[in-house]
Amino acid sequence: MYQRSPSPPDEFAPPTPAMPVATLRGKRRADAHVENGSSRIPTASQPGSSKTLTTVGHNESKVYLRGGKSWRRAEKSSIPFPTSSGLAPPVLTATHAGFADIAYQLLNAPGSPSKPSSTSVLGRRARPRPSTTQTKLKDERKKSVVASSPPLWRMLQAKRKAVIAETLDYELLGTLPFNGSMVTPSMLREGLLTPDTAYHAWVATKRAIEERPGGEWDLASILSSAMHYYLVELGVSMLDRVDGPHYTFVDPRLHDSTTAMVKHALRLVRLFAEKGYGRSRIVVTIPATEAGVQAARTLEGKHHVQTNLTLVSGLVHAAICAEADATCITLCYKELSEACGRKPSNSNPFIRAWEAFNAPSKRLADEAIQATTAYFNLHKLQSAILVANLQSANDAERLGEFDAVALTASQSLRARAPAPAMPATSAPAAGALAHLRACEAQYPTVYRASQDGSFLSAMPVDARTTAKVTLATGLKGLMEQMFQTSMHVLEFLQGEAQLAHVDDLGLQEFYEEDEQEAERLDRLRTAGQYAEQVLPIRWDDVGFRLRFSSWDQAEAYHLNYKGT
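J.: Can you walk me through a negative patch on the surface in this structure?
T.: On the surface, a cluster of negative charge is contributed by Asp 503, Asp 504, Glu 509, Glu 512 and Glu 513. With respect to the secondary-structure elements, Asp 504 resides in helix α18 (residues 504-526). Asp 504 sits in the exposed class, given a relative accessible area of 61%.

Structure, rendered in structure tokens:
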């Protein structure tokens, strides 16, 4: 009869009665299963039991017994055999493991009490022993996990800061309590890729074609009108869902021409008025270049059009925009951070590395925005401050006393959820530094004495460099988005113009040639020969589909001839 080997002298083990070989074999299989989890590596049994070898897989476990020179298989249950008199551990699925991992991360987060462990040894494997303070620790962990701060949205509302919707998600626009809406060049491009909003581009293009002057196909003039109509159609769809002002924009490719920007803004305001939305609901966004600031001054003073100067780079730049009587100025956080990180510094690389370590770009951007808001509050300037292009919705908590913030769809959803409690930061020190910079800044600026609108040359060197980098970085992205959107609309216009200049007989001849080419390719491919297409075939034209195939079987010719 097999007798269990004695335990080490420093371990306590009760006397083990004689047990059948089958029971010991099952016990060893359970120990190997517990120790190795789901590993596929063959694992030898405990010392003193050299007759078993256990292989554990994901779905089954196999035990082979050594008997002379051969191996024989022993069946085993997939449920771990208990190694003590306690309850058997549950069989965990992948879902349970995921939840367990999340719970482990929460319970072992920084600040949670450490887990005291006391273990007892039974056999060859150390097993945890329940601690007497387990209930108290659970209560403390629960308190540390539950601790959270109110949602960012509620904090913004408590401070009377407006939330502007920067999204085309109509469901969110009609559900969340936004205080206004905004459309940007990137959203125009995004709208062409979504069926609900692409419809507005189709309506705008058709209207531009029907209203072309003299019936002439001047594609440049038609494209300009189509872009105006598309921008207004999107704006109206957002105004129907969100109360408050709507921020539209002039084409950023006109940033160097004051006259062109004024003309563009007046046309947009007139088109919105035709849809039933007056000037009190429309704010026209203009790049804060020298020509843009002059355009805003003209629109506000002569035409009573509300303007929003965007891509503002800091305190001095914002003060100049406010003196132009702009209704709103926008500090773009992303572009401002990049500009602060690219400011020229000392030529010594070690000094540059030290400056980058002590003053990272995000902190410099935060200080610039905080100083700007403090300057506006100190001198009671009427222009509102809008913060946009945040990298995260939580960035809005530390950017000072701004008036409004623009949030995307994902940022809006995160702002509605409770946020984890954050440790206290040095906000008073940052606020004191911002207030000091605001008091030291000149008021009023030298822009009032300039009649031609030039102000960059009069700005300090650091402020001028930051302004140029911010404008260059922001305008590059905006103009690229507008170019892509224009090319997409122009492609549709070219197709419509081509169809308009082809008579019915000529179009039938084209489709006949396409049909002959398609039949030739079909004969060669059926015969197993190489078929090279000579003429371009209008596979997607409605007329060709009606002539060559059945309307409800479009996939037939696509599969046979296009190879899709």
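J.: Would you take a moment to explain the pattern of salt bridges for this structure?
T.: Side chains that carry opposite charge are capable of pairing whenever their charged atoms lie near each other. Tallied over the full model, the rule gives seven salt bridges. In this structure, Asp 251 engages Arg 253 in a salt bridge whose closest nitrogen and oxygen atoms are separated by 2.8 Å. Owing to a relative accessible area of 12%, Asp 251 belongs among the buried residues under this scheme. Judged by its relative accessible area of 36%, Arg 253 falls in the partly exposed class. Three or more residues are tied together by salt bridges with common partners; here these are Arg 207, Glu 211 and Glu 274.

J.: Would you mind going over the packing of helix α12 (residues 333-341) against helix α17 (residues 461-500) with me for this structure?
T.: Any two packed helices are characterised by how steeply their axes cross, that is the angle between the axes, and by the distance between the axes. Closest axis-to-axis distance for the α12/α17 pair is 8 Å, and the angle between their directions is 130°. Classified by the interaxial angle, the pair formed by α12 and α17 is oblique. The chirality of how α12 crosses α17 is right-handed. Counted together, Glu 335, Leu 336, Glu 338 and Ala 339 of α12 and Thr 466, Val 469, Thr 470, Thr 473 and Gly 474 of α17 form the full contact between these two elements. Split by residue class, the contact of α12 with α17 holds three nonpolar, four polar and two charged.

J.: Any chance you could explain the sheet that holds strand β11 (residues 282-287) here in plain terms?
T.: Across a sheet, paired strands are connected by hydrogen bonds in the backbone, their directions being either parallel or antiparallel. In spatial order, the strands read β8-β9-β10-β11-β12-β13-β14-β15; together these eight strands close into a barrel with parallel pairing. Across the sheet, the mean angle from the axis of one strand to that of its neighbour is 30°, orientation sign disregarded. As paired elements, strand β13 (residues 328-332) and strand β14 (residues 384-388) share five bridges and run parallel to each other. Among the inter-strand pairings, Thr 330 is bridged to a residue of β14, identified as Leu 386. The strands touched by helix α10 (residues 290-302) are β11 and β12 (306-310); relative to β12, the strand with the most contacts, the crossing angle is about 165°.

Each value, and the rule that gives it
Residues numbered from 1 in each chain as written. Predicted model: local features only at pLDDT ≥ 70, side-chain atom pairs only at ≥ 80, totals over all residues. Heavy atoms only, no water. Patch = residues over 30% accessible without salt bridge, like charges linked within 9 Å, V, L, I, M, F, W, Y side chains within 5 Å. Areas by Shrake-Rupley, 256 points an atom, 1.4 Å probe, with all protein chains shown as cover. Salt bridge = Lys/Arg side-chain N within 4 Å of Asp/Glu carboxyl O. Lys, Arg positive; Asp, Glu negative; His and termini not counted. Charge placed at Lys NZ, Arg CZ, Asp CG, Glu CD. Helix = DSSP H or I, 4+ residues; strand = E, 2+ residues; numbered from the N terminus. Buried < 20%, exposed > 50% of the residue type's maximum accessible area, 1.4 Å probe, protein only. Axes fitted to C-alpha atoms, helices over the stretch in contact; angles between N-to-C directions. Parallel < 35°, antiparallel > 145°, perpendicular 65-115°, else oblique. Left-handed = near helix turned anticlockwise from the far one by under 90°. Contact = heavy atoms within 4.5 Å. Nonpolar A, V, L, I, M, F, W, Y, C, P; charged D, E, K, R; others polar. Pairing = 2+ DSSP bridges.

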